[in-house]
Amino acid sequence: MGHMLSKFNVIGPLAASRLKKKKKKSREVHTFVFTSRVPLSRSVDDKNRMFVARSIAADHKDLIHDVSYDFHGRRMATCSSDQSIKVWDKGGNGEWTCTASWKTHSGSVWRVTWAHPEFGQVLASCSFDRTAIVWEEIVGESNDKQRGQSHWIKRTTLVDSRTSVTDVKFAPKHMGLMLTTCSADGVVRIYEAPDVMNLSQWSLQHEISSKLSCSCISWNPSSSRAHAPMIAVGSDDSNVTYGGKVQIYEYNEVTRKYAKAETLMTVADAVHDIAFAPNLGRSFHVLAIATKDVRIFKLVPLQKDSSSSAPTKFEVQVLAQFDSHNSQVWRVSWNITSTLLASSGDDGCVRLWKANYMDNWKCTGILKGDGSQVSGQPGALSGVLGSATAQSALNGATGR
Amino acid sequence: MSSGYKPDILWSPHHADRYVICDTELSLYRIGPAGSPETKAGALPLSEQTAATLLAINSDTPYMKCVAWYPKHEPECLLAVGQANGRVVLTSLGQSHNSKCKELVGKEFVPKHARQCNTLAWNPVDSNWLAAGLDKHRADFSVLIWDISSKFSPEAVPAEKVRLSGDVDSGLVVTKPLYELGQNDACLSLCWLPRDHQKLLLAGMHRNLAIFDLRNTSQKTFVNTKAIQGVTVDPHFQDRVASFFEGQVAIWDLRKFEKPVFTLTEQPKPLTKVAWCPTRMGLLATLTRDSNIIRLYDMQHTPMPFGDEVEPTIIERSVQPCSESIISSFAWHPSAQNRMVVVSPNRVMNDFTVFERISLAWSSTTALMWACGRHLYECTEDAGQGAAAAEKDIATKMRERAQSHYGHDTVQVWRNHVLAGGDDPQLRSLWYTLHFMKQYTENVEQKQQSNKQSLIYSGIKNIVKSSSGTTETRRCWSGSDRQTDVPRYHSEERSLALQLCGWISRGPDIDVEPFLKSLEQEGEWERAAAVALFNLDIRRAIQILNKGASAEKGDLNLNVVAMALSGYTDEKNSLWREMCSSLRLQLKKPYLCIMFAFLTSEPGTYDAVLYESRVAVRDRVAFACMFLNDAQLPRYIDKLTYEMKEAGNLEGILLTGLTKDGVDLMESYVDRTGDVQTASFCMLKGSPGEVLKDPRVQCWIENYRNLLDAWRFWHKRAEFDIHRSKLDPSSKPLPQVFVSCNFCGKSISYSCSAIPHQGRGFSQYGVSGSPTKSKVTSCPGCRKPLPRCALCLMNMGTPVSSCPGTGKADEKADLTRDKKLAQFNNWFTWCHNCRHGGHAGHMLSWFRDHSECPVSACTCKCMQLDTTGNLVPSDSV
């Protein structure tokens, strides 16, 4: 495994300079393509504006704190300050219908997340009431299904936290059925269901103390055997005098414990959300952070002696940093190929970011939180999905 | 409220579109959509959507210190103004005065001793009551509650005080307050308590907050604190009060008044205003002096249930409504969600909405869902958008390519680039390379030369290295007798490389004519001309260029180039040479450029050709194989390979082949693009032994399969698995289910032994043509009968008679499909849970109308047990 990682250390000066040259050339092509598209995209926009972003009657009685899709994107869960969770199913016509809504916690529900469907239809939620709960959909005795309603029952309540549980995430499926929580008192807990058929049994496997109030966690989704299980933890501690609001922990096969592999010292402001990009067989990891700006980090694993118990060392690069949300950034989310990043922030807008072939990240779409269009933005909506800038800029430059 | 002459702002309690700015005068504005006919030309833009129109100005009341808007509908636009001398004046703005208003406007309420009026508050219920908080004056009271309906009392008014108020009719002056509170103290701020309108919360100079009940003014509850400014009650949680001192805000719970529930983080500058959002729970806005930021505190949870005290989570946010300019004051809109207007010291106003924290998520199918406040929005991929393919995201591209069977054409391998959309030069190059490799191995197979076969997939880099027996020739320019001074190199390996580059088809003779013809057909004139030239055929090159110029949409400039070309001379110091080497740099088309570079270069120094990055790699490599000697060639190829690997350029697969080098190259391609689809299909073409075992390749394949699964492209995934197992037999999964006989315990599936395993989760029965067909209703081991179908009660294995309810019109439409499904009807299926089952066809038709198991007294809801089973693959049509 070591040999293939090593190549990142040895970019020769010759190759580097040549790369730079190429980059410049294709960037010209890229901008040309972009500007020439502006009038076209506008007209497309006007036609499609209505159905590009559409509103769904959520019917929550208070703020919605989280939305989460299942693996296939056919189901969705929302949670709210009204202490309830709603589950939505997408019909054949593409319309979302709420098929379950129930009161879950005795406090605001911060986050809700789906397990991989191979573990059944399983949700986990976490709340201000200091608990995290695992829910499973069951086939009810009544004819719920006929009425279009499904039935969810509480499988377990995890009560180890003494403070508000701020985030909950299932581990990648290749690790088995594992659940992670983090709480305001700075503890990250990793639970495992040893028997995936019995969701009422969860054992606390690891407790990691991050020493800072935790606000968010993200698992590295890479299933490659070259990458040890890894979790990133963000802190909303608002004291900006010290950095390191993002910590990365890695599982060590030898000690069978999670150990801190990296602390991002440059992140000093409160972190509100954190997301590892789907790895998709890449040799490095990409981490998006929502703090007072959108930040994208690249973590390149350096060669490691597989027998040593020391955690992997990383070469950490900042790929991008955008403060166009003006102030706080609340959420970041990657698409399935980690080629598009969506972020939301204090300006009330959802912004989409995309890299061209050489990791030059650009904003490719802006949508207002209420679904309306931002005026004066060239191609604000057309650029949103499946379009705008691409690696083919390179191809255009190098010829056939 | 306001201090000095900094403008303050006040929303009308009843008109959602009106507000007042007060500094030295009162100005009433109406807010409306920008650019609408209502808003006139003089409207001030407040935001992109809204503008304000000035309706009225009132400058009757000088020395304003604070203003409060009368809370009742009638009379509208009645304002109480507290002045620097402690007087409170009622005034109005721009209204046609009705009788009631007339009676009130101009009324003055005068304290015994003149001092500054700090704050005013109307009683929310008994709207005749107006509380005024004043500075301290010896032992006098600092809070006076006036009844605005009370009549004047002339005898109490000293004459000189009447004069002070100028021309105002002395009949409107009131000097006797209803209540007097706060003796021997000053009042900095006050508010009425909405829970009990007789109660008043006062903040005095003596560092205390006190609650007075007007029914018994001698009693009060009070608490000592520094935070005595700007007391204000949370409109959503009436026991919660905020007050501040310098930079710190204290939040109080009136039920536990002894100490603040909590204090907010201190700000470096003194606060000037603190206000609860009237439209949203637990949102407090604060403003400090000389700041351009409004800081918001989002108290996410009302202090409530469980026994012990838990501090609510507070999310701090700051907003900058008007970029750099300093904010003098702000006011929440009374009804519009989270909206406020801010005003700067020089009266620039800004309409502004505080947004909720938006949470968002991508679905696997590239739909974006976000929640804003209580609302959900979904932004879905719009297939008909017609965005140029080059600009699509790779996720979209992979989905489209999967649906067009990209990668599955194993006969005409090059066609895969067409299936991929045909617009990506790198993919085109890759699939042509793989095509040529495959073509060659097929030829070689006929010749039984297996040693070459392994070489071919290891790329030109390795082929060239193994080169031996290179011969050097000097050929003539065709059509002339003169020998060129250009040495050309030949070897078996070099001609093999040329074949992989696609320049020649097969055999040892180098005949590029078929290649030139195909290039001509595709209209690649410049490239064809360059290839012809490199084969030392100037005449053919000129002919091609002429053809190109006269072709449809041809470039007439090609004739000019042909002309220049025809003047070629190998004279070293000719004018032709001189001009060509300088002017060729101005040629835009790379192939024309390298033609002249070749003609003007010294033999053996072809850097201008070899490092022209706009020229396709395969052409440069072919050129190198012809004109670089055995020392130069491997060096050049190595350098180029390294470059391609670093850039992740798929054209480089030609050089690396499907070796470890190739995987390295593919790795940087995947790193750059995320295109695991191409990576998987490409690596599957390689020799199974080496590259497929590479963990990176396995990882790409797993990731690609996972993507297909997430998209519900299950059929595509299955097809991919079949495709994969053909090329990589080790990936074939084992049978997953066996059915054993109830009596003898042996596996009953003789189909498994007779023919390869088919289907997952089912054992196939009733295979037509099977010699044991007559006996399939019994166990092959012990000859005991098999279980019966729960519906037809026949032993399994019996051919199924068509069941009622299935022969619908839609099935008739497609007879072949019907036949295929009829086979499936014979399959033995059962519920994993209750273990009842029968013929698949019978079961399906039963569960079309029922949810419970067909076996009597079994209440198992067999069909609903698996939610994934209810999902429809999205690629089935």
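Model, not experiment: these values are computed from the prediction.

Any chance you could break down the UniProt feature "repeat: WD" (unreviewed entry) in chain A for me, citing the residues and the numbers?
Residues and elements named next belong to chain A. Residues annotated in UniProt with the feature "repeat: WD" (unreviewed entry) correspond here to residues 57-89 and 322-354. In the segment residues 57-89, helix accounts for 0% and strand for 55%; the C-alpha atoms at its two ends are 13 Å apart. For residues 322-354, the end-to-end C-alpha separation is 12 Å, with 0% helix and 58% strand making up the annotated structure.

Explain helix H11 (residues 538-550) of chain B residue by residue, including any values.
Residues and elements named next belong to chain B. In this model, H11 (13 residues) spans 18 Å end to end at C-alpha, consistent with the 18 Å of a helix rising 1.5 Å per residue. Here H11 has its buried residues at Ile538, Arg540, Ala541, Ile542, Ile544, Leu545, Gly548 and Ala549. Elements that come into contact with the buried residues of H11 comprise helix H9 (513-521), helix H10 (525-534), helix H12 (557-566) and helix H14 (590-600).

Tell me about the sheet that holds strand E19 (residues 229-233) of chain B, and please be specific about residues and values.
The four strands are arranged E19-E20-E21-E22 (chain B) in an open sheet whose pairing can be described as antiparallel. The open sheet has two free edges, formed respectively by E19 and strand E22 (262-263) of chain B, since each of these has just one partner strand.

Tell me what's going on with the side chain of Glu612 of chain B, and back it up with residues and numbers.
Among the secondary structure elements, Glu612 of chain B is positioned in the loop between helix H15 (607-610) and helix H16 (617-627). Apart from the residues lying within four places of it in its own chain, the contact partners of Glu612 of chain B are Pro590, Cys593, Ile594, Asp607 and Arg620 of chain B.

How would you sum up the pairing of strand E30 (residues 359-362) of chain B? Please name residues and give values.
Residues and elements named next belong to chain B. Neither face of E30 is open: one carries Ser359 and Ala361, the other Leu360 and Trp362, and all of them are buried. As defined by bridge partners, E30 adjoins strand E31 (residues 368-372) across four bridges and the pair is classed as antiparallel. Note that in E31 the partner of Leu360 across the bridge is Trp370. Connecting E30 to the antiparallel partner E31 that follows it, the hairpin turn spans five residues, and Thr366 within it adopts a positive phi of roughly 60°.

Please provide a residue-by-residue account of the state of the cysteines, values included.
Residues and elements named next belong to chain B. As enumerated under the stated definition, the model contains zero disulfides over all chains in all. In this model Cys22 remains outside any disulfide bridge; the closest cysteine sulfur is found in Cys66, 9.4 Å from its own. Cys792 carries a free sulfur, and the closest cysteine sulfur to it, the one in Cys789, is 3.7 Å from it. Its relative accessible area of 26% is what places Cys792 among the partly exposed residues.

Can you explain the packing of helix H21 (residues 695-710) of chain B against helix H22 (residues 714-727) of chain B? Please cite residues and give values.
All names here are of chain B. It is the contact of H21 with H22, at a shortest axis distance of 8 Å, that shows an interaxial angle of 155°. The orientation of H21 relative to H22 falls into the category roughly antiparallel. The two elements H21 and H22 meet at a crossing, and its hand is left-handed. From H21, Gln698, Ile701, Glu702, Tyr704, Arg705, Leu708 and Asp709 reach across to H22, where they touch Trp714, Lys716, Arg717, Phe720, Asp721 and Arg724. Partitioning the contact of H21 with H22 into residue classes produces five nonpolar, one polar and seven charged.

Go over the packing of aromatic side chains with me, naming the residues and quoting the values.
Aromatic ring pairs: the centre-centre distance and the angle between the two ring planes describe each pair. Residue and element names in this part refer to chain B. Evaluated as defined, the whole model comprises 37 aromatic pairs over all chains. Summarising the aromatic geometry, the rings of Tyr19 and Tyr29 are spaced 5.6 Å apart at their centres and angled 20° between planes, so their arrangement reads as stacked. Separated by 10 residues along the polypeptide, Tyr19 in strand E2 (residues 18-22) and Tyr29 in strand E3 (residues 26-33) bring together distant segments of the chain. By the burial criterion, Tyr19 is buried, and Tyr29 matches it. Ring geometry for Phe681 against Phe720: centres 5.2 Å apart, planes inclined by 90°, an arrangement best described as edge-to-face. Of the two residues, Phe681 is situated in helix H20 (residues 676-684) and Phe720 in helix H22; the sequence distance between them amounts to 39 residues. Taken as a pair, Phe681 and Phe720 share a single burial class, namely buried.

Scoring rules and cut-offs
Residues numbered from 1 in each chain as written. Chains lettered and ligands numbered in written order. Predicted model: local features only at pLDDT ≥ 70, side-chain atom pairs only at ≥ 80, totals over all residues. Heavy atoms only, no water. UniProt positions renumbered as here; feature names shortened; annotations may be inferred. Helix = DSSP H or I, 4+ residues; strand = E, 2+ residues; numbered from the N terminus. Expected span 1.5 Å × (residues − 1). Buried < 20%, exposed > 50% of the residue type's maximum accessible area, 1.4 Å probe, protein only. Contact = heavy atoms within 4.5 Å. Pairing = 2+ DSSP bridges. Disulfide = S-S within 2.5 Å. Axes fitted to C-alpha atoms, helices over the stretch in contact; angles between N-to-C directions. Parallel < 35°, antiparallel > 145°, perpendicular 65-115°, else oblique. Left-handed = near helix turned anticlockwise from the far one by under 90°. Nonpolar A, V, L, I, M, F, W, Y, C, P; charged D, E, K, R; others polar. Phe/Tyr/Trp six-rings, centres within 6.5 Å; stacked < 30°, edge-to-face > 60°.

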